[in-house]
Amino acid sequence: MLREIISITGKPGLFRLLSQSRGAIIVEELGSGRRFPVHAREKVVSLGDIAMYTESGDTPLGEILDKVYAHKAGQPIDVKDLASKSGALKEEFAVIVEDFDRDRVHDGDVKKLFTWYNILIQNGFDKFAEEQAAEEENKTEE
């Protein structure tokens, strides 16, 4: 499921990939449901392709989101409050992912992760890594 959810550089929020054409993809904004084309010149990244730096290696975003969901019991995170306090974002993240690489993961990365988490849970997502692992298994079986 995370492979169908994308981030577009320069545009806030997350988008669901609906279809592809020759020079563009059609996306739907999570939340508003607004649909529009994204042209090939725009940078698009699938959430399924993102990982975060940890001491044990790169950890897929789906696993990190599952940890956040379990820690917060599915409740949203007050990102603005955490961002307003010096060091609070990393402190909160350290409680959730103890072995994250403190030198390579910046406050902006954690803020973006928490913001994406809020968007995803507001749109009914509650499982992240399991669905990603199942999709990968289906692809290898084919």
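This is a predicted model, so every value here is computed, not measured.

A. Representation of unusual backbone geometry within the structure. Positive phi values are uncommon outside glycine, yet Ala73 reaches one of about 55°. Taking relative accessible area as the criterion, Ala73 reaches 61% and is therefore assigned exposed.

B. A look at the sheet that holds strand 2 (residues 15-20). Spatially, the five strands line up as an open sheet ordered 4-3-2-1-5, and their pairing is antiparallel. Edge positions in the sheet fall to strand 4 (35-39) and strand 5 (44-46), since each has one partner strand and no second. Pairwise comparison of adjacent strand axes, ignoring direction, gives a mean angle of 45° for this sheet. Both strand 3 (residues 24-29) and strand 4 contribute to a ladder of five bridges, which runs antiparallel.

C. Layout of the pattern of salt bridges. Taken as a whole and judged by the stated rule, the model has seven salt bridges. Residues Glu92 and Lys72 are paired through a salt bridge, measuring 3.1 Å at the closest nitrogen-oxygen approach. Linking Glu92 in helix 3 (residues 88-96) with Lys72 in helix 1 (residues 61-72), this pair joins segments that are 20 residues apart in sequence. Look at Glu92 and you get buried, because its relative accessible area is 17%. Looking at Lys72, the relative accessible area reads 24%, which means it is partly exposed. Asp101 is paired through a salt bridge with Arg104; the nearest N and O atoms lie 3.9 Å apart. Exposure remark for Asp101: the relative accessible area of 10% places this residue in the buried category. Among the charged side chains, a salt-bridge network with shared partners connects Arg16, Glu28 and Arg35.

D. Spatial organisation of the nonpolar core. Formed by 31 residues in total, the largest nonpolar core has its most connected members in Phe93, Leu113, Phe114 and Leu120. Secondary structure elements with two or more residues in this core: helix 1, helix 2 (79-84), helix 3 and helix 4 (107-122). It is helix 4 that provides the largest number of residues to this core, a total of eight residues. Those residues in contact with Leu113 that sit more than four places away from it in its chain are Met52, Leu61, Ile64, Leu65, Val68 and Phe93. In this structure, Ile8, Ile25, Val27 and Val38 belong to the second largest nonpolar core, which totals seven residues.

E. Region of interest: the pairing of strand 6 (residues 51-54). Here four bridges tie strand 6 to strand 7 (residues 57-60), and the two strands are oriented antiparallel to one another. Looking across to strand 7, one finds that Tyr53 is bridged to Asp58.

Cut-offs and rules
Residues numbered from 1 in each chain as written. Predicted model: local features only at pLDDT ≥ 70, side-chain atom pairs only at ≥ 80, totals over all residues. Heavy atoms only, no water. Buried < 20%, exposed > 50% of the residue type's maximum accessible area, 1.4 Å probe, protein only. Pairing = 2+ DSSP bridges. Helix = DSSP H or I, 4+ residues; strand = E, 2+ residues; numbered from the N terminus. Axes fitted to C-alpha atoms, helices over the stretch in contact; angles between N-to-C directions. Salt bridge = Lys/Arg side-chain N within 4 Å of Asp/Glu carboxyl O. Core = buried A, V, L, I, M, F, W, Y, C linked by side-chain atoms within 4.5 Å. Contact = heavy atoms within 4.5 Å.

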